[in-house]
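A closer look at the structure
Single-letter residue listing:
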Amino acid sequence: LIADPCVNSPTGKSWVGCRFGDEFKTIENTPTLINTFASGDNIDFWSITGDNFYDRTGEITADVFSRISLQAKSKIFNTGRLG
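Below or above, wherever it landed, is the structure these notes cover.

Reading the values: rules and limits
Residues numbered from 1 in each chain as written. Predicted model: local features only at pLDDT ≥ 70, side-chain atom pairs only at ≥ 80, totals over all residues. Heavy atoms only, no water. Pairing = 2+ DSSP bridges. Helix = DSSP H or I, 4+ residues; strand = E, 2+ residues; numbered from the N terminus. Buried < 20%, exposed > 50% of the residue type's maximum accessible area, 1.4 Å probe, protein only. Arc of directions from axis to C-beta. Contact = heavy atoms within 4.5 Å. Patch = residues over 30% accessible without salt bridge, like charges linked within 9 Å, V, L, I, M, F, W, Y side chains within 5 Å. Areas by Shrake-Rupley, 256 points an atom, 1.4 Å probe, with all protein chains shown as cover. Salt bridge = Lys/Arg side-chain N within 4 Å of Asp/Glu carboxyl O. Core = buried A, V, L, I, M, F, W, Y, C linked by side-chain atoms within 4.5 Å.

**Concerning the pairing of strand S2 (residues 45–49)**
Sheet faces and side chains relate simply in a regular strand, where the side chains alternate between the two faces. Inspection of the sheet shows strand S1 (residues 2–3) paired to S2 by two bridges, in the parallel sense. Note on S2: the bridge partner recorded for Ala 3 is Thr 49. Both S2 and strand S3 (residues 76–78) contribute to a ladder of three bridges, which runs parallel. Bridging from a neighbouring strand, Phe 45 pairs with Ile 76 of S3.

**Examining helix H2 (residues 59–66)**
Helical periodicity: at 3.6 residues per turn, an α-helix aligns residues three or four positions apart in one direction. Ile 60, Asp 63 and Val 64 are the residues of H2 that are buried. Looking straight down H2, one finds that the buried residues subtend no more than 95° of arc, so they occupy a single side. Those residues of H2 that are buried lie in contact with helix H1 (26–38).

**A few points about a nonpolar patch on the surface**
Together, Leu 1, Phe 45 and Ile 76 make up a nonpolar patch on the protein surface, roughly 350 Å² of accessible area in all. For Phe 45, the location among the structural elements is in strand S2. With a relative accessible area of 41%, Phe 45 lands in the partly exposed category.

**Some points on the nonpolar core**
Ranked by size, the top nonpolar core spans twelve residues in total: Ile 2, Val 7, Ile 27, Ile 34, Ala 38, Trp 46, Ile 48, Phe 53, Ile 60, Val 64, Ile 68 and Ala 72. If you tally residues by element for this core, the top one is H1, at three residues.

Printed below as a string of structure tokens:
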């Protein structure tokens, strides 16, 4: 589960500042993290909860999701509340 991820998009689009986005390279590392753990056989689903990149138009989300592997995308994905 990942909650309230933020990124500094290379598109320049930003709705809410991502203070550590550049330092931790979250635009690259968040999809890499998802690809690494969600592609394994031991994972049945994965989830991003919260404000999902603080994206009002879908541009940032489209950029991030284009970086996620087909293998990770083939798992059940939840964006809502668990429980």
